[in-house]
Amino acid sequence: MSEKHLPLWEVFIRSRSGLAHKHCGSLHAADAEMALQAARDVYTRRGEGNSIWVVPSSAIVASDPADKDELFEPALSKIYRHPTFYDVPDEVGHM
Amino acid sequence: MATTSISFAESSLLNLVLRRADDALILGHRLSEWCGHAPMVEEDIALANIALDLVGQARSLYGYAALVEGSGLTEDHFAYRREQHQYRNCLLVEQPNGDFAATIVRQVLFSAFMDLYWREMMTSRDKALAAMAGKAEKETAYHLRHSGEWLIRLGDGTDDSHERAQTALDELWVYTGELFEADDIERGLAQSGVAPDVLSLEGSWNQRLAPILREARLEIPQAPFMQSGGRSGRHSEHVGYILADLQYLQRTHPEAVW
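Residues numbered from 1 in each chain as written. Chains lettered and ligands numbered in written order. Predicted model: local features only at pLDDT ≥ 70, side-chain atom pairs only at ≥ 80, totals over all residues. Heavy atoms only, no water.

(A) Molecular detail of the overall build of chain B. Each helix and strand counted, chain B has 10 helices and zero strands in total. Starting at the N terminus, the α and β elements of chain B follow one another as α-α-α-α-α-α-α-α-α-α. Rg of the C-alpha trace for chain B: 18 Å, near the compact-globule value of 18 Å for 258 residues, within the 12% margin. Split into buried and exposed, the 258 residues of chain B put 56% on the buried side. With the model as given, the accessible surface of chain B reaches about 11600 Å², and the carbon-plus-sulfur share is 54%. (Helix = DSSP H or I, 4+ residues; strand = E, 2+ residues; numbered from the N terminus. Rg over C-alpha atoms; globule rule 2.2 N^0.38 Å. Buried < 20%, exposed > 50% of the residue type's maximum accessible area, 1.4 Å probe, protein only. Areas by Shrake-Rupley, 256 points an atom, 1.4 Å probe, with all protein chains shown as cover.)

(B) Just the confidence of the model for chain B, in detail. Of all residues in chain B, 100% have pLDDT values of 70 or greater, and the mean over the chain is 96. Both scores are given for the predicted complex: the pTM is 0.91, the ipTM 0.85. (pLDDT = per-residue confidence, 0-100.)

(C) Looking closely at the packing of helix H1 (residues 12-32) of chain B against helix H5 (residues 100-121) of chain B. All names here are of chain B. In the contact formed by H1 and H5, the axes pass within 12 Å of each other and the chain directions differ by 150 degrees. Considering the angle they form, H1 stands roughly antiparallel to H5. The crossing of H1 and H5 is left-handed. Where H1 abuts H5, its residues Leu16, Arg20, Asp23, Leu27, Arg30 and Leu31 lie against Thr103, Arg106, Gln107, Phe110, Met114, Tyr117, Trp118 and Met121. Of the residues assigned to the contact of H1 with H5, the class counts are eight nonpolar, two polar and four charged. (Axes fitted to C-alpha atoms, helices over the stretch in contact; angles between N-to-C directions. Parallel < 35°, antiparallel > 145°, perpendicular 65-115°, else oblique. Left-handed = near helix turned anticlockwise from the far one by under 90°. Contact = heavy atoms within 4.5 Å. Nonpolar A, V, L, I, M, F, W, Y, C, P; charged D, E, K, R; others polar.)

(D) Summary view of the packing of aromatic side chains. Enumeration over the complete set of coordinates arrives at nine aromatic pairs over all chains. Ring centres of phenylalanine 12 of chain A and tryptophan 53 of chain A lie 6.5 Å apart, and the angle between their planes is 55 degrees; this geometry places the pair in the tilted category. Here phenylalanine 12 of chain A is found in strand S1 (residues 8-15), whereas its partner tryptophan 53 of chain A is found in strand S3 (residues 49-56), with 41 residues between them in sequence. Ring centres 5.8 Å apart and planes at 40 degrees place the aromatic pair phenylalanine 113 of chain B and tyrosine 117 of chain B in the tilted group. Highlighted residues: phenylalanine 113 of chain B and tyrosine 117 of chain B, both in helix H5, separated by four residues, approximately one helical turn. (Phe/Tyr/Trp six-rings, centres within 6.5 Å; stacked < 30°, edge-to-face > 60°.)

(E) Here's a closer look at the interface of chain A and chain B. Each partner contributes residues to the interface: chain A has 14 residues there, and chain B has 13 residues. Here chain A packs against chain B, burying approximately 1300 Å² in sum over the two surfaces, 55% of which is carbon and sulfur. Three residues stand out in chain A for area buried against chain B, namely Met34, Gln37 and Asp41 of chain A, and they jointly supply 39% of the buried area on that side. For glutamate 33 of chain A, the salt bridge identified is with arginine 145 of chain B, shortest N-O distance 2.9 Å. Joining chain A to chain B, the criterion identifies eight residue pairs in polar contact (both at pLDDT 80 or more). At the level of elements, strand S2 (22-28) and helix H1 (32-43) of chain A are the ones that each hand at least two residues to the side of chain A that touches chain B. Looking at the side of chain A that touches chain B element by element, the count peaks at eight residues for H1 of chain A. Taken together, the residues that form the side of chain A that touches chain B break down as seven nonpolar, two polar and five charged. (Buried area = accessible area lost by both parts, 1.4 Å probe. Salt bridge = Lys/Arg side-chain N within 4 Å of Asp/Glu carboxyl O. Polar contact = N/O pair within 3.5 Å; in protein donor to acceptor, adjacent residues only side chain to side chain.)

(F) Main features of the nonpolar core. All names here are of chain B. If you look at the biggest cluster of nonpolar residues, it comprises 95 residues, and the most contacted ones within it are Phe78 and Tyr117. In terms of residue count, the dominant contributor to this core is H5 (15 residues). Among all residues touching tyrosine 117, those that are not within four sequence positions of it are Leu16, Arg20, Ala195, Pro196, Val198 and Leu201. (Core = buried A, V, L, I, M, F, W, Y, C linked by side-chain atoms within 4.5 Å.)

(G) Inspection of the pairing of S1 of chain A at higher detail. Residue and element names in this part refer to chain A. Taken together, the six bridges between S1 and S2 define a ladder with antiparallel strand orientation. The residue bridging leucine 8 from the neighbouring strand is histidine 28, located in S2. Hairpin geometry of S1 and S2 is characterised by an intervening segment of six residues between the two adjacent antiparallel strands. (Pairing = 2+ DSSP bridges.)

(H) Spotlight on the sheet that holds S1 of chain A. Residue and element names in this part refer to chain A. Spatially, three strands are ordered S2-S1-S3 in an open sheet, and the strand pairing comes out antiparallel. With one partner strand each, in any of the chains shown, S2 and S3 form the two edges of the open sheet. Looking at each pair of strands side by side, their axes are set apart by 30 degrees on average, direction ignored.

Structural data, given as structure tokens:
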């Protein structure tokens, strides 16, 4: 299957109850309309969604796995960024 | 000699329900033959989805046929225990899958007809048929959209895909006349408000097809005559092979259940 005629697309589905479209997989298709149909046929056949996005995979800019230490490691030692150091007064109730 | 075939009195309504049910079952079976063989996995799943829609429609219709017949036969009896001449499907749906273009052309021609048919059936005086039509119409609208988009890409694609699509259209066109054949059964049930008047759908069918074929750069064939006979049980030799496949289990082990 040639990438030229059937490029790769990334599929995002919004589930019935969900607010955001979530990435659920990828597929090959000739163009946007066929990608949308293939996404419907491949990823929503068990009633998973009520909205579909398809995006050319080539349009996605991804971080380099080799950069993961500098990008993500610094956050691991900063637990104070999690909001777990506050005592919530009872009067506030459910937050 | 004992036979596993059923016999039953075929009222007009039962005959009409079997026409719709057999169309759906035979085409559903044909499409299921692509499973594992389609040109790409995405289309493999898409064709299987359409096949399942059609088999689902056939089940509802056979269930209703059993109810109309009323002697205790079931949907399985109608699907698996009739002989070739008792099948009421049109010749178009029994045609072999051929290449992918032939499968797509067959689907466009049939779905364009059925989408119009189910849409009209939604206002049938027969509440059961109207309810089945409401469900089937949504499925059929998608079948037409999917096969229509494919046909545009095949017809307006490479020289090879264009030629294959045009060849398929030329070869299958002779089976389209039968869709609009209004015999006494179709006419009678149309007059009593039970079913759409198939003859009246031909104009809309041509209008549905025209923009698809135009965009696909395909020529509408000039058929010197139209093939017919499926509705009265005169089928091509293909049906025997389909039924051998489809009926093997129920013929070998009558009344077998899951």
